[in-house]
2 protein chains.
Amino acid sequence: MTQKISAAIVGYGNLGKSVEKLIAKQPDMELYGIFSRRDSLETDAAVYPVAEAAEHKDKVDLLFLCLGSATDIPEQAASFAENFTTVDTYDNHHLIPAHREKMDAAAKAGGTVAMISTGWDPGMFSINRTIGEALFPNAQQNTFWGPGLSQGHSDAVRRVEGVKAGVQYTLPKEEALQAAKEGRGDEITGANAHRRRVVAVADEADQERIRQEIVSMPDYFEPYETTVEFVSQEVFDREHQGMPHGGHVITSGDLGGTHSSVEFTLELERNPDFTAASQLAYGRAAVRMAREGRTGAVTVLEVAPYLLSTASLDELVARDI
Amino acid sequence: MTQKISAAIVGYGNLGKSVEKLIAKQPDMELYGIFSRRDSLETDAAVYPVAEAAEHKDKVDLLFLCLGSATDIPEQAASFAENFTTVDTYDNHHLIPAHREKMDAAAKAGGTVAMISTGWDPGMFSINRTIGEALFPNAQQNTFWGPGLSQGHSDAVRRVEGVKAGVQYTLPKEEALQAAKEGRGDEITGANAHRRRVVAVADEADQERIRQEIVSMPDYFEPYETTVEFVSQEVFDREHQGMPHGGHVITSGDLGGTHSSVEFTLELERNPDFTAASQLAYGRAAVRMAREGRTGAVTVLEVAPYLLSTASLDELVARDI
């Protein structure tokens, strides 16, 4: 690395906090500060008003956009890309082409790089889907999510009357994973690929009714195989406050009379920490590409693996190949 | 794709034959012919004398070097790279930097691209080691091989007196895989990461002696956990003539107080078919990079994922991200 990457963060929720703690562990990055709407944040880092972010552009090599995909990224990301090399985790899959177009125009106008849609899905899973599919003349490909906490389904559980606390974990079914590896993909449907595990706190008198309401809730839980476990508030507080997630991308196919499969698996104790780790590595790549003169939007599919590493290409060739 | 890639093969062993059958399944490639020392091969493809290969350089976009790593690649690869954009599967790990240097000089002199050390290890495993390691501030990383046929160990089995037929499968141990995922890498050693399964044919009177000779053979089998199964010649011929292989690259680590793991797994019914599939995808990337004006040696670490695909970047962004 020629010089340390001066990095800033905008957005200080779960993701921004994870990025902050991981920047501190990078040998080639230092945290310039956090841009926020709020006057003070619970951090030792410098905090600057987000409205004045552009004034800092000459001191920042890389801006982590740790903003929500629902409204913040669509509304704000392009204006940041005009001033900073950025890296985001925009995850609204079917709107990524539109996001890319907008970020490309902004980054080209600003002479910056906008690395878009990093994280794990999109992100790590995207590159594995592309690479896996490229290996087989007629690839069969399946993505499975979990075991992991689903925010939307957890909210649905908590809306059921009598539920004092509740979470929902989505788990891939073993038999579906096996079918994918063996190329029996036609057996896999949305409903039989995953099962749903609900853990809730409720009075004993309500439990059977709650279980019935949950398992019969259309779309959310019906027709999925759903189990509902009731635990004490104490157990719930101790064991079900995390944000575990993960998943699998499985690609298989025929290679001229023989069958092979390629599988990429993530097991994440805390979803935002890993999303941040991926965002960080792709942020490093964005800066390196910007230093080589690249401008515009860049997707993870366009990033050569060595650009993610703190090691030089020569070191990697000597070590990892 | 602007025009079909005109591809040729040099070397017509297991790998060359696999490449030939997979080229036939690519929408963007056609087989120009095979360069060989022999006058005739069992193929419908055009066969040309390898000594005259250079005369065909203007008609060939990509030359698959399907030659052995022991002597053929070191002796011959550079002279091919002077005339053709090449892709090889050179797998002598600690000599790859030297191979790269030699191929780089040859390819730059010839104005070609030399894509080196594709396949799965090196190759697919290399990119997964690099990407995995880049995600964690203090990555713990382990590579496991198998379940798969080991040629060297099978040869050692067959040298034992009284063995009429024999193969050896290397298998990763489940507990070592689990330890790697959980970050207990210090518990993993060479000897406890894998176990060895020998399947052999021998007269019953010889079996106990053979078993003892095998399990006590230093380095090859001792101190590994080794099982020796005797089967009939008939069962051997039916069930143990394949070339299965595969393996795992597991990277795990702490992400600021939480633990995550990333795993890449291959299950291959036939080793050379998958090696060929990877060589093919990286060959495609070599041609695309050459058409963009790149020259010299290129490692898999330098290849952006989208370059492996027959689909355009825009299609991939719309589909896979």
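The rules behind the values
Residues numbered from 1 in each chain as written. Chains lettered and ligands numbered in written order. Predicted model: local features only at pLDDT ≥ 70, side-chain atom pairs only at ≥ 80, totals over all residues. Heavy atoms only, no water. Salt bridge = Lys/Arg side-chain N within 4 Å of Asp/Glu carboxyl O. Helix = DSSP H or I, 4+ residues; strand = E, 2+ residues; numbered from the N terminus. Buried < 20%, exposed > 50% of the residue type's maximum accessible area, 1.4 Å probe, protein only. Pairing = 2+ DSSP bridges. Right-handed = clockwise from strand over helix to strand, strands pointing away. Expected span 1.5 Å × (residues − 1). Arc of directions from axis to C-beta. Contact = heavy atoms within 4.5 Å. Core = buried A, V, L, I, M, F, W, Y, C linked by side-chain atoms within 4.5 Å. Polar contact = N/O pair within 3.5 Å; in protein donor to acceptor, adjacent residues only side chain to side chain.

As a further point, take the pattern of salt bridges. All names here are of chain A. In total, this model carries 42 salt bridges over all chains according to the counting rule given. R291 serves as the salt-bridge partner of D61, at 4.0 Å between the closest nitrogen and oxygen. Remark: R291 occurs in helix 10 (residues 271-291) and D61 occurs in the loop between strand 3 (47-49) and strand 4 (62-65); sequence separation between them is 230 residues. Classification of D61 as partly exposed rests on a relative accessible area of 25%. Classification of R291 as partly exposed rests on a relative accessible area of 37%. Of the charged contacts in the structure, one is a salt bridge between E182 and R184, with a shortest N-O distance of 2.8 Å. Exposure remark for R184: the relative accessible area of 30% places this residue in the partly exposed category. Several salt bridges share partner residues, and in doing so they unite K21, R270 and D273 into one network.

Residues and elements named next belong to chain B. Only one face of strand 11 (residues 225-230) is covered, namely the face carrying T226, V228 and F230; the face carrying E225, T227 and E229 is uncovered. Inspection of the sheet shows strand 10 (residues 194-201) paired to strand 11 by six bridges, in the parallel sense. Paired with R197 across the bridge in strand 11 is T227. Between the parallel elements strand 10 and strand 11, the chain passes through helix 8 (residues 204-215) in a crossover that is right-handed.

We now examine helix 3 (residues 96-110) of chain B. With 15 residues, helix 3 of chain B should cover 21 Å at 1.5 Å per step; its first-to-last C-alpha distance of 20 Å lies within 8% of that length. Along helix 3 of chain B, the residues that are buried comprise I96, H99, R100, M103, A106 and A107 of chain B. When helix 3 of chain B is viewed along its axis, its buried side chains cluster within an angular range of 140° and face the same direction. Seen from the open side of helix 3 of chain B, the exposed residues pointing more than 90 degrees away from its buried face are E101 and A109 of chain B. Check the buried side of helix 3 of chain B and you find it contacts helix 11 (313-320) of chain A together with strand 4 (62-65), helix 2 (72-81), strand 5 (86-88), strand 6 (113-116) and strand 14 (296-299) of chain B. Where helix 3 of chain B terminates, the next one or two residues include G111 of chain B, which has phi positive at roughly 70°.

Counting 155 residues, the largest nonpolar core has F64 and F274 of chain A together with F64 and F274 of chain B as the members making the most contacts within it. Apart from residues lying up to four places away in sequence, F64 of chain B is in contact with A7, A8, I9, V10, V19, I23, M29, V87, Q279 and L280 of chain B.

Before going further, it helps to spend a moment on the environment of S79 of chain B. Residue and element names in this part refer to chain B. For S79, the position within the fold is in helix 2. A relative accessible area of 41% means that S79 is categorised as partly exposed. Along the backbone, S79 and A54 are 25 residues apart, and their C-alpha atoms lie at a distance of 9.4 Å. From its side chain, S79 meets the backbone oxygen of Q76 in a polar contact 2.9 Å long.

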